[in-house]
Each structure stands twice: as structure tokens, then as C-alpha cells.
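What the coordinates show
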Amino acid sequence: MPVEFDSDPKVQSYAHPQRLVTTAWLDAHLGEPGLVVAESDEDVLLYDTGHIPGAVKIDWHADLNDPLTRDYVDADGFAALMAAKGITPDTTIVFYGDQSNWWAAYALWVVSLFGHADVRLLDGGRKKWIDEGRAVSTDVPAPTPTQYPRTERDDSVIRAYREQVLAHIGNGKLVDVRSPQEYSGELLHMADYPQEGALRGGHIPTAASVPWRRAANDEDGSFRTVEELRAIYEDEQGLSPQDDVVAYCRIGERSSHTWFVLTHLLGFERVRNYDGSWVEWGNAVRVPIER
Amino acid sequence: MRDALHEVIEEFADSPKELRLPLLLEFANSLPPLPDAIAASRDGLEPVEECQAAIFLAVDAAPGKPVRLYFDAPLEAPTSRGFAAVLHKGLDGATPEEILTTPNDFYMSMGLDELVTPLRMRGLAGMLARVKRRVAQAMSA
């Protein structure tokens, strides 16, 4: 039995209301059997400075990526991670994190590749929870390890590879969710300072620039209302829920946020995240680039 | 390399992998606040663009004098604070020469690369590059 869904009117207004919870809902359900709260941050130390009581840490770099190949963990690695965090296939996982949930959305997306059924995001993430004065703890839980069955990752539905993106140009919609400066190809021209890890600046031809941040409220990082989101993605950008859409950013973390918005909040049916993103595209030989 | 910095690097390298992040957090918690005068005026504070959080640094350097380093990093950015504290503990009070001859890749042997992404580690490189540039400017002024 999944933990009951959040009946909050804002949550219910979205296309897949079972994918989002409010801070108030989470506060009321903490500790409930079948619920695991997972923090995923950009800053690897943030969890240790204090987290939602009982929350486990899932680190995108150390836990979700293969340490050798640039890819996600495989079926064995994923099963071991879930087991160690006390998660079973029936568990409701609520992700939250810093940076308006970039990394939480990324973790949720990776877990979705493995078909874990009940994954939800905490609207507003870590900042909103803390700003509201809700409880935090530095106690690191020691969950009883579970048995999590080995499930193969399915990369065919919500993940896009470079060759697929190449074939997608002119045949589907591309959304570049990076900042306008990254999209335009303007670099940080400062002598002796590290660049962002790509040899070429610009964007994938035909991609529309819709910075991920536009989907979040500035003050608390929560998602904009469904009407505001429709105004941005459908009215302004001309996307429709039936479109075949690929989103990308630098390494796929910010575009996971946009993937979540389009898929779960607006109900788009065919959205893929190109996690290779600019660090792959901007370094690849002979792929087209537009400025 | 300056002894104090070398000791910091050894402290990380000699720690078991699972204790390196807690150690970095200890460093983060030990970063001294900005002196009141700098905090009030914010004069000379330079943003560290390579960091993914709002980190600022100031360098007080003159020929023949120990170099003083000041960092301002928010509590919500503990990794960047930890990096700033590594540089502070290792290089605050160093001679200009010690700073200018610090290897740019000094942090490679700390054993943090399995735990912290390359992009984050570049934040540390960026801080050192900025400190060096400030010191070099002060020496040629």
C-alpha cells in the first residue's frame, strides 16, 4: 500500500498529483511505515549539517553514477543501493534537496529509469522546509537492509543518447534549460580560470532556451502553478503535451528538473532527458552547434 | 609546499575514505568569520566564480609581509566553506613566495576526488588561482 497521496489543492492541480508532496504533508507523515525520505544535494556536505529527521542521503555522484564509465549504476548497483537505504519496491520515496531540487529531481529521474513505482518530490525542497522552521536533525539513520530485486534499467523511454538527439534535430522539440549565457555560447573569458568543461559553446540547433529556473518560484524554490507553467511551456514556447521533447543542460541535472515539470506537472507524454548534455555535445567531434 | 598546507593534505589523505567528508565538514565549521572591518565595508572582496555558491575572498598582501587570507562563505554551502578553510589553514600567514609556488593541483592528493565531483574541486583551484593573482599583483605594485 502506498502512503496516502497529498490532497493539497496545488498538488492536485498538476497532471500527476501523486508525484508531488508539500512540506506540510511530509511533516505529518514522517516516520510512517513504507515511507523513505531521501536527500540529494549538489553540496555533498549539506546533508551532514542537518536534514529532515530520518532522511537518508543519496548522493548523485557517489551513489547513482558508475565510478568508472560515465553512466548510471547497473541493476546490481541499484539493487544494492536501495537495499542499503531500507527501500523495497513498495516503498514510497520522497526526494528533496538543495538548489530548488535540481539534484533531487535528478535522483528521482534515475530511480525512475529502474522503474521504481512510487517516487515523489518535496515541493520547495530543503530550503522551503528549513525556512518554515521545520525540524532538522544531524542523526544519520541506520536503516535495516532490505532485499531489493534486481531490475534492469530501461533507458528507452525517458533517457536520450547523443545519436538519438542528433536524429531528433528537425524532427522533435529540443529544450535547452541552461542559463541564457550558456545557451548563447558566451564563455567566462578569464585568463587562467577553469572553463565549464566543454570545448565549444552554444546550443544544439533548433533548441529553445527555457532556463529551468523559470519553473520555480524565486523565493522558496517551489514549483509555479500549473497555469503559470502552461503559460511558459505551452503558450509561450508552443510545446504541446503530445510533442516528442528532449531536454538537456550541462550534465543532465537541471534538465531532470524540467523533465519532471513537463512530465509530471504538465502531463507531457514523451519527454526524455539527454543526460550527456553540453559536457558531451560541446566536446563531441562533428556534431552541429548553433550560436 | 608550505608545511601547514602539506599537513592539511596529509590529514585528508591519511583518513579513511568514509571520514574525509566529515573532516571537510569540520574544516567548514572552523572557518573564521570575516574581520569586522572587511565584513562591514566588503572592500576588496572578490567573488569566486568557479564556486557554485556565493563565495568571496580578500587577500592582504605586501612585499616582505605575511599574507593574510579572508574568506566569506555561507553556512548553506559547507563544501565551499570547507575548501576555503583548507586554504585558510594551509596558507594564511604564508610568505608571498610560499603562496606563489603552491602547486595549482595541490588538492589532487587529498583523496577527495571519489567523493566530490571534478567541477566542485575546480572551485578549490579557482580560489587558489585568485589568491595567487592577488598576491602577484601586490608584489608587482
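In what follows, the structure referred to is the one given above.
In this text the structure is predicted, and so the values were computed from the model without any measurement.

A separate point is the overall build of chain A. Across its full length, chain A holds 11 helices and nine strands. A compact globule built from 291 residues should have a C-alpha radius of gyration of about 19 Å, and chain A, at 19 Å, falls within 12% of that. With respect to the principal axes defined by its C-alpha atoms, chain A has extents near 50 × 45 × 40 Å. The burial tally for chain A puts 55% of its 291 residues in the buried class. Partitioning the intrachain contacts of chain A with sequence separation of at least 6 by distance along the chain shows that 76% fall at a separation of at least 24. Surface exposure of chain A reaches about 12200 Å², of which carbon and sulfur atoms provide 52%. If the 27 positive side-chain charges of chain A are averaged to one point and the 47 negative ones to another, these points end up 5 Å apart.

A word on helix α2 (residues 17–30) of chain B. Given a rise of 1.5 Å per residue, 14 residues ought to cover 20 Å, and the 21 Å separating the end C-alpha atoms of α2(B) matches this to within 8%. Listed in full, the buried residues belonging to α2(B) are Arg20(B), Leu21(B), Leu23(B), Leu24(B), Leu25(B), Phe27(B) and Ala28(B). In the core, the buried residues of α2(B) are packed alongside β3 (56–57) of chain A together with α1 (3–13) and α4 (78–91) of chain B.

Before going further, it helps to spend a moment on the sheet that holds strand β4 (residues 92–96) of chain A. In sheet architecture, strand pairing relies on hydrogen bonds along the backbone and comes in two forms, parallel and antiparallel. Residue and element names in this part refer to chain A. Across the sheet, which stays open at both edges, the five strands sit in the order β1-β5-β4-β2-β3 with parallel pairing between neighbours. At either end of the open sheet lies a strand with only one pairing partner, and these are β1 (20–21) and β3. As judged from the two bridges shared by strand β2 (residues 35–39) and β3, these two strands associate in the parallel manner. Counterpart to Glu39 in the pairing with β3 is Lys57.

Let us look at the interface of chain A and chain B. On the side of chain B, 23 residues touch chain A, which itself brings 19 residues to the contact. Interface of chain A and chain B: buried area, both sides summed, is about 1700 Å²; carbon and sulfur atoms make up 61% of it. Counting across the interface, chain A meets chain B through two salt bridges. Between Glu42(A) and Arg120(B) there is a salt bridge, with the nearest N and O atoms lying 2.7 Å from each other. If you look at where chain A meets chain B, you find two residue pairs in polar contact (both at pLDDT 80 or more). For the side of chain A that touches chain B, the leading source of residues is helix α3 (residues 60–64) of chain A, giving three residues. Grouping the constituent residues of the side of chain A that touches chain B by class yields eight nonpolar, five polar and six charged.

Counting 58 residues, the largest nonpolar core has Met82(A), Phe95(A), Leu121(A) and Tyr233(A) as the members making the most contacts within it. For this core, the leading source of residues is helix α5 (residues 102–113) of chain A, giving 11 residues. Those residues in contact with Leu121(A) that lie beyond four places of it in its chain are Arg19(A), Leu20(A), Val21(A), Val94(A), Phe95(A), Asn101(A), Ala104(A), Ala105(A), Leu108(A), Phe223(A) and Phe260(A). Among the nonpolar cores identified, the runner-up in size contains 43 residues, and Leu57(B), Leu69(B), Ala73(B) and Met110(B) belong to it.

The next point concerns a negative patch on the surface. Residues and elements named next belong to chain B. Taken together, the side chains of Asp3, Glu7, Glu10, Glu11, Asp14 and Glu26 define an acidic patch exposed on the protein surface. Ranked by residue count, the leading element in the negative patch is α1, at four residues. Its place among the elements puts Glu10 in helix α1.

The next thing to look at is the environment of Ala73(B). All names here are of chain B. Its place among the elements puts Ala73 in the loop between β3 (68–72) and α4. Overall, the relative accessible area of 5% leaves Ala73 in the buried class. Counting along the chain gives 10 residues from Ala73 to Phe83, while the straight-line C-alpha distance between them is 9.8 Å. With sequence-adjacent residues up to four places away left out, Ala73 is seen in contact with Leu31, Ala54, Ile55 and Arg81.

The subject of this paragraph is the pattern of salt bridges. Residue and element names in this part refer to chain A. Per the stated rule, a full pass over the model turns up 30 salt bridges over all chains. Between Asp76 and Arg150 there is a salt bridge, with the nearest N and O atoms lying 2.7 Å from each other. Remark: Arg150 occurs in the loop between α6 (125–131) and α7 (162–168) and Asp76 occurs in helix α4 (residues 75–84); sequence separation between them is 74 residues. Using a relative accessible area of 45% as the deciding quantity, one classes Asp76 as partly exposed.

The rules behind each value
- Residues numbered from 1 in each chain as written.
- Chains lettered and ligands numbered in written order.
- Predicted model: local features only at pLDDT ≥ 70, side-chain atom pairs only at ≥ 80, totals over all residues.
- Heavy atoms only, no water.
- Helix = DSSP H or I, 4+ residues; strand = E, 2+ residues; numbered from the N terminus.
- Rg over C-alpha atoms; globule rule 2.2 N^0.38 Å.
- Buried < 20%, exposed > 50% of the residue type's maximum accessible area, 1.4 Å probe, protein only.
- Contact = heavy atoms within 4.5 Å.
- Areas by Shrake-Rupley, 256 points an atom, 1.4 Å probe, with all protein chains shown as cover.
- Lys, Arg positive; Asp, Glu negative; His and termini not counted.
- Charge placed at Lys NZ, Arg CZ, Asp CG, Glu CD.
- Expected span 1.5 Å × (residues − 1).
- Pairing = 2+ DSSP bridges.
- Buried area = accessible area lost by both parts, 1.4 Å probe.
- Salt bridge = Lys/Arg side-chain N within 4 Å of Asp/Glu carboxyl O.
- Polar contact = N/O pair within 3.5 Å; in protein donor to acceptor, adjacent residues only side chain to side chain.
- Nonpolar A, V, L, I, M, F, W, Y, C, P; charged D, E, K, R; others polar.
- Core = buried A, V, L, I, M, F, W, Y, C linked by side-chain atoms within 4.5 Å.
- Patch = residues over 30% accessible without salt bridge, like charges linked within 9 Å, V, L, I, M, F, W, Y side chains within 5 Å.

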